[in-house]
Amino acid sequence: QVQLVESGGGLVQAGGSLRLSCAASGTIFSIRAMGWYRQAPGSERDLVAYIDSGSNTNYANAVKGRFTISRDIAKNTVYLQMNSLKPEDTALYYCNAVLSLASGPYYTPYWGQGTQVTVSS
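Calculation notes
- Residues numbered from 1 in each chain as written.
- Predicted model: local features only at pLDDT ≥ 70, side-chain atom pairs only at ≥ 80, totals over all residues.
- Heavy atoms only, no water.
- Helix = DSSP H or I, 4+ residues; strand = E, 2+ residues; numbered from the N terminus.
- Pairing = 2+ DSSP bridges.
- Axes fitted to C-alpha atoms, helices over the stretch in contact; angles between N-to-C directions.

K.L.:
Can you tell me about unusual backbone geometry, naming the residues and giving the values?
P.N.:
Although it is not a glycine, Ser55 sits at a positive phi angle of roughly 65 degrees. In this fold, Ser55 is placed in the loop between β5 (46-52) and β6 (57-59). The residue Asn76 is not glycine, and still its phi comes out positive at about 50 degrees. By the element assignment, Asn76 lies in the loop between β7 (67-72) and β8 (77-82).

So this is what it looks like as structure tokens:
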């Protein structure tokens, strides 16, 4: 069984910073990629950023230059440093990990429960 536990969300004023963390635990054999998605009320869940096993990163255009994703492989943990936050960044942020439980070509996506980020103007 795999669990993704997120932390670091909260309320911040526009221009402020937050750092999200997500730790994956369980019988994990290999992690292909970890990332963050967000969903605002009435909107779809959208990719914010991800980082793969080669430390290659990808960011949504809306967060480029403001957010930085990083990963601690030994701890199966991914971080999202969010700077210069804007009210439009307000959303429920979900951690995602694509991982395998055993050797072989099969990888499965797992999701955290979400952590709320609210940016006031």
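K.L.:
Help me get a handle on the sheet that holds β8, residues and values and all.
P.N.:
Read across the open sheet, the four strands follow the order β1-β3-β8-β7; overall the sheet is antiparallel. Single-partner strands in this sheet number two, and they are β1 (2-7) and β7. In this sheet, neighbouring strand axes are inclined to one another by 15 degrees on average, regardless of whether the strands run parallel or antiparallel. Taken together, the six bridges between strand β3 (residues 18-26) and β8 define a ladder with antiparallel strand orientation. Directly across from Ala23, in β8, lies its bridge partner Thr77.

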